[in-house]
Amino acid sequence: MEPEPLTLEKIRLPTMNPFFFLPPETAHKLALWGVKNGLAGRAKKPASLRKKIGGMTFTSPVGLSAGADKEGVALRGWSALGFGFVEAGTVTMHPRDGNPAPRVWRQPSDRSVINWMGLPGGGLQVFLKNLKAFRDRSSDLVVGVSVASPEGSTDDLETLARECAPYADYFTLNASCPNVAHGDDHDPLDEIKAHIKAVCKGANGLPVLLKLGPTRDKDALIRVLDGAMASGCAGFVLTNTVPEGMKDLLGNDLPFTWPQHDGAPVGGYSGPRLLDTTVFMIKTARAHLGADVPLIGVGGIQSALDALRIIEAGANLVQLYTGFIYKGPQLIKDINRALSAAGH
Ligand SMILES: Cc1cc2nc3c(=O)[nH]c(=O)nc-3n(C[C@H](O)[C@H](O)[C@H](O)COP(=O)(O)O)c2cc1C
């Protein structure tokens, strides 16, 4: 029998992605430079996608999730690619090195990433300079600012919000980074409530959202949603990456071994295996909170169908990051087109 001819479809696309010849962080810097300088293409946003959520007008419900543009260097570029909003950051008060390299691992056969970045960045002053420069040129991109205080300082959170508020549209408190130590001698919900109040204090009336980590525990999720709402939270971003301790959420057939540092597993998973958990959390939150609370669904979106699933589960808006790493700007065009065709 003749051997089957080798066709392009049989060669895995990710191995052909030229960025994948570079180490992940180098590829990321190059991509960011390309987006910033308008080299990644342009896409129209269908007018029908325009919608008002939480008092903000979005030109598309598809956003770039936090961590992709940590210092807000390429905001105009993301808008040109078809994103309706960007969650810039996570920004911290002071500059941070983050964790030692290597700290990002790709799993191309799973189209996923594990990251153990640990919130590196230039801190508030660098972030603010970029955000101001972007606003000076004005744009219809909605910019959310993701804030965190790895030290647990409410003063820092208030200052971050106060300084960024004149140039931001909303804030997200990142209370779920699996890559920095959280104090564990008290109820994490008490800390979340205090941190929401601090961001609200500085936010000058802008909406403050809370980004949570993954869970399939309905009662625990509802407890946090209620506590956050009572503290002034306006909506939720669901969800952050999956730490190794919760890898049951990802199924029992992971096609890779979890990265380790000093003999211990590190980092959080993002990619397609997260999608079902995102759907669960959005459905649970929507059923509990009613129709009016803004919900952003993030985690595992790598196709137009995935985005539709999250919207149909009850999210007003979606965000993605890992899907962009594997599929590039075409993914945003596909999702925008599909959401427009579906009347969303
Ligand atoms: C390299 C990397 C860095 C990230 N950094 C942040 C961050 O700084 N703040 C944050 O809230 N989420 C961060 N995330 C999580 C994403 O915003 C998103 O919640 C998660 O990756 C799931 O979505 P996805 O499957 O579309 O990637 C990061 C994710 C990756 C892959």
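Computed from a predicted structure; not experimentally measured.

**As for the nonpolar core**
If you look at the biggest cluster of nonpolar residues, it comprises 71 residues, and the most contacted ones within it are Trp78, Phe171, Leu210 and Phe236. For leucine 210, the residues in contact, after removing those within four places along its chain, are Thr172, Leu173, Ala175, Ile192, Ile196, Val224, Ala228, Cys233, Gly235, Phe236 and Val237.

**Looking at a positive patch on the surface**
Among the surface-exposed residues, Lys36, Arg42, Arg76, Lys129 and Arg137 lie close enough to one another that they form a single positively charged patch. Secondary-structure assignment places arginine 76 in helix H3 (residues 75–80). For arginine 76, a relative accessible area of 46% corresponds to the partly exposed category.

**Here's the deal with the sheet that holds strand E5 (residues 104–107)**
Spatial strand order, E5-E6-E14-E11: four strands in an open sheet with antiparallel pairing. Looking at strand neighbours, the two that pair on one side only are E5 and strand E11 (242–243), the edges of this open sheet. Inspection of the sheet shows E5 paired to strand E6 (residues 112–115) by four bridges, in the antiparallel sense. By the bridge assignment for E6, tryptophan 105 is matched with isoleucine 114.

**Topic: the packing of aromatic side chains**
This structure, assessed with the given rule, holds seven aromatic pairs. Here the aromatic rings of phenylalanine 58 and phenylalanine 85 are separated by 5.1 Å at their centres, their planes lie at 85°, and the arrangement is edge-to-face. Of the two residues, phenylalanine 58 sits in strand E2 (residues 56–58) while phenylalanine 85 sits in strand E4 (residues 85–91), which places them 27 residues apart along the sequence. Phenylalanine 85 gets classed as buried once you look at its relative accessible area, which sits at 0%. When the ring of phenylalanine 83 is compared with that of phenylalanine 324, the centres are 6.0 Å apart and the planes differ by 50°; the resulting orientation is tilted. Taken as a pair, phenylalanine 83 in the loop between H3 and E4 and phenylalanine 324 in helix H10 (residues 322–327) lie far apart in primary sequence, 241 residues in all. One exposure class covers both phenylalanine 83 and phenylalanine 324, and it is buried. By way of ring pairs, the aromatic residues Trp78, Phe83 and Phe324 are connected into one cluster. One cation-aromatic arrangement involves arginine 106 over phenylalanine 20; the distance from NZ or CZ to the ring centre is 4.4 Å.

**Re the site of the ligand**
Around the ligand, 22 residues are found, and the nearest of them are Ala66, Thr90, Lys211, Gly300 and Thr322. One of the backbone nitrogen or oxygen atoms of threonine 239 is found 3.1 Å away from an oxygen atom of the ligand. In the model, an oxygen atom of the ligand is placed 3.0 Å from a nitrogen or oxygen of the tyrosine 321 main chain. Here the ligand, which alone exposes 610 Å², has 97% of that area covered by the protein.

**Description of unusual backbone geometry**
With omega at 10°, the peptide bond leading from glycine 89 into threonine 90 counts as cis. Across the junction of alanine 101 and proline 102, the peptide omega takes the value -5°, indicating a cis bond. Examined against the element boundaries, proline 102 turns out to sit in the loop between E4 and E5. The backbone of leucine 119 shows a phi angle near 55°, a positive value even though the residue is not glycine.

Basis of the calculations
- Residues numbered from 1 in each chain as written.
- Predicted model: local features only at pLDDT ≥ 70, side-chain atom pairs only at ≥ 80, totals over all residues.
- Heavy atoms only, no water.
- Core = buried A, V, L, I, M, F, W, Y, C linked by side-chain atoms within 4.5 Å.
- Buried < 20%, exposed > 50% of the residue type's maximum accessible area, 1.4 Å probe, protein only.
- Contact = heavy atoms within 4.5 Å.
- Patch = residues over 30% accessible without salt bridge, like charges linked within 9 Å, V, L, I, M, F, W, Y side chains within 5 Å.
- Areas by Shrake-Rupley, 256 points an atom, 1.4 Å probe, with all protein chains shown as cover.
- Salt bridge = Lys/Arg side-chain N within 4 Å of Asp/Glu carboxyl O.
- Lys, Arg positive; Asp, Glu negative; His and termini not counted.
- Charge placed at Lys NZ, Arg CZ, Asp CG, Glu CD.
- Helix = DSSP H or I, 4+ residues; strand = E, 2+ residues; numbered from the N terminus.
- Pairing = 2+ DSSP bridges.
- Phe/Tyr/Trp six-rings, centres within 6.5 Å; stacked < 30°, edge-to-face > 60°.
- Lys NZ or Arg CZ within 6 Å of the ring centre and 35° of its normal.
- Near = heavy atom within 4 Å.
- Polar contact = N/O pair within 3.5 Å; in protein donor to acceptor, adjacent residues only side chain to side chain.

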